[in-house]
Amino acid sequence: MASEHDEGGSGPVAAPQDGAAATAATPDPKTAAAIAAAEAAGPQNGETVRVDSWIWAVRLIKTRSLGATACRGGHVRVNGERVKPAYALRVGDEVRLRHEGRERVVVVKRLIRKRVGAPVAVQCYVDNSPPPPPREAVAPAGVRDRGAGRPTKRDRREMDRLRGLEGLSSSRRDAGSRP
């Protein structure tokens, strides 16, 4: 009987140490609870998760259907290969996703099936993406003051010149002057 008691006593001692390690990694108790819930809902050892479901769950894509569409369109690569939406993702895989004009490169740390909050989602992958371009580098073309009215022909030509479309507008004029 004493040996059973000793075995039972050593189990609970080990559990708080694991919990303390998880708490030390995430100081916020709400985040720790969310991580525990995500792990409970995730796959068991040896199981896999669909790639479209995972990129949606870790908030790289807004909807799962957008994730599936991105996979079918060839915008998702796992370990350098194009994949279908049902591709079985594993821990350690490198996922490259082209979405909204930028490429995201992430390495899978944890598999989850359900969509989780942003603080928990960030802990499920290692982000190796190149930094996004600075906002001031992307100049807005054709921004007009509010209440300025409709642009005149001169304004339109200036906007086309700024956008680099001056050749296009001259070809329009040539096409209009032909009999």
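Chains are numbered independently. Their residues run from 1 in the order of the written sequence. For a predicted model such as this one, the threshold for reporting local features is a pLDDT of at least 70, and the threshold for listing and counting side-chain atom pairs is 80 or more; totals across whole chains, interfaces and linings nevertheless cover every residue. The side-chain quantities take in all heavy atoms of the structure and omit both hydrogens and water.

*Asks:* What is the right way to read the overall build of the protein chain from this model?
*Replies:* In this text, helices come from DSSP runs of H or I with a minimum length of four residues, and strands from runs of E with a minimum of two, each type numbered from the N-terminal end. Counting secondary structure elements, the protein chain contains 7 helices and 7 strands. Traced from its N-terminal end to its C-terminal end, the protein chain shows the element sequence α-α-β-α-α-β-β-β-β-β-α-β-α-α. Relative accessibility thresholds used throughout: buried, under 20% of the residue-type maximum; exposed, over 50%; partly exposed, between the two (1.4 Å probe, protein chains only). Per-residue burial over the protein chain gives 25% buried out of 179 residues. Working rule for contacts: check all heavy atoms of both residues, and any pair within 4.5 Å makes them a contact. Here the contacts in the protein chain between residues at least 6 apart in sequence split such that 47% fall between residues at least 24 apart. Using a 1.4 Å probe, the Shrake-Rupley method yields the accessible areas, and only the shown protein chains count as cover for residues. Here the protein chain has roughly 12,500 Å² of accessible surface; of this, 53% comes from carbon and sulfur atoms.

*Asks:* When you look at the sheet that holds strand 5 (residues 94–99) in this model, what are you seeing that I'm missing?
*Replies:* Pairing between the strands of a sheet is mediated by backbone hydrogen bonds and can be parallel or antiparallel. An order of 3-2-5-6-7 is seen for the 5 strands of this open sheet, with the pairing classed as antiparallel. The strands lining the two open edges of the sheet, one partner per strand, are strand 3 (81–82) and strand 7 (125–127). Alignment of strand 5 against strand 6 (residues 102–108), held across 6 bridges, turns out to be antiparallel. Note on strand 6: the bridge partner recorded for His 99 is Arg 102. A pair of strands is labelled paired if DSSP reports no fewer than 2 bridges between them.

*Asks:* Which parts of the structure should I look at to understand the nonpolar core?
*Replies:* Side chains of nonpolar character tend, in soluble globular proteins, to be buried together. Trp 54, Ile 55, Val 76 and Val 95 are the most contacted members of the largest nonpolar core, which has 26 residues in total. For this core, the secondary-structure elements that each account for two or more residues are helix 3 (51–57), helix 4 (64–72), strand 2 (76–78), strand 5, strand 6 and helix 5 (118–122). Of all the elements, helix 3 adds the most residues to this core, at 4 residues. Discounting residues that sit within four places of it in the chain, Val 76 has contacts with Val 51, Ile 55, Ala 70, Cys 71, Glu 81, Arg 82, Val 83, Val 95, Arg 96 and Leu 97. Side-chain atoms within 4.5 Å are what join buried Ala, Val, Leu, Ile, Met, Phe, Trp, Tyr and Cys residues into a set we call a nonpolar core.

*Asks:* How do you make sense of the confidence of the model for the protein chain when you look at a structure like this?
*Replies:* The predicted coordinates should not be examined in detail at positions where pLDDT is low. Along the chain, pLDDT gives the predictor's confidence residue by residue, from 0 to 100. When pLDDT is averaged along the protein chain, the result is 76; 66% of the residues meet or exceed 70. Mean pLDDT across the elements of the protein chain ranges from a minimum in helix 1 (residues 2–25), with 44, to a maximum in strand 2, with 95. Confidence over residues 1–24 falls short of pLDDT 50; this stretch has 0 contacts with residues more than four positions distant or in other chains.

*Asks:* Would you mind going over the pattern of salt bridges with me for this structure?
*Replies:* In a structure, side chains of opposite charge can pair up when their charged atoms sit close to one another. For this document, the term salt bridge refers to a Lys or Arg side-chain nitrogen within 4 Å of an Asp or Glu carboxyl oxygen. If you walk through the whole model with that rule in mind, you get 7 salt bridges. With its nearest N and O atoms 3.0 Å apart, the salt bridge here joins Arg 104 to Asp 127. With Arg 104 in strand 6 and Asp 127 in strand 7, the pair connects residues that are 23 residues apart, well separated along the chain. For Arg 104, a relative accessible area of 17% gives the class buried. Salt-bridge contacts for Asp 160 lead to Arg 156; the nearest nitrogen and oxygen are separated by 3.7 Å. Of the two residues, Asp 160 and Arg 156 are both situated in helix 6 (residues 153–163); the distance of 4 residues between them amounts to about one turn of the helix. Through salt bridges that share partners, Arg 50, Asp 52 and Arg 64 make up one connected network.

*Asks:* Can you help me understand the packing of aromatic side chains in this one?
*Replies:* When we look at a pair of aromatic rings, we describe it by the centre distance and by the angle of the planes. To pair, rings of Phe, Tyr and Trp, with the six-membered ring standing in for Trp, must have centres within 6.5 Å; the planes then decide the type, stacked if under 30 degrees apart, edge-to-face if over 60, and tilted in the middle. Under the counting rule described, the total for this entry stands at 1 aromatic pair. Aromatic side chains Trp 54 and Tyr 125 sit 6.3 Å apart centroid to centroid with 75° between the ring planes, which places their arrangement in the edge-to-face category. Here the residue Trp 54 occupies a position in helix 3, and Tyr 125 occupies one in strand 7, the gap between them amounting to 71 residues. Like Tyr 125, Trp 54 is buried.

*Asks:* Teacher, can you tell me more about helix 4 here?
*Replies:* Since the α-helix turns once every 3.6 residues, residues separated by three or four places project in the same direction. Listed in full, the buried residues belonging to helix 4 are Gly 67, Ala 68, Ala 70 and Cys 71. Seen along its axis, helix 4 keeps its buried residues to an arc of 160°; they face one direction. Downstream of helix 4 by one or two residues, Gly 74 has phi in the positive range, about 85°. The reported arc concerns the directions from the helix axis to the C-beta atoms and nothing else.

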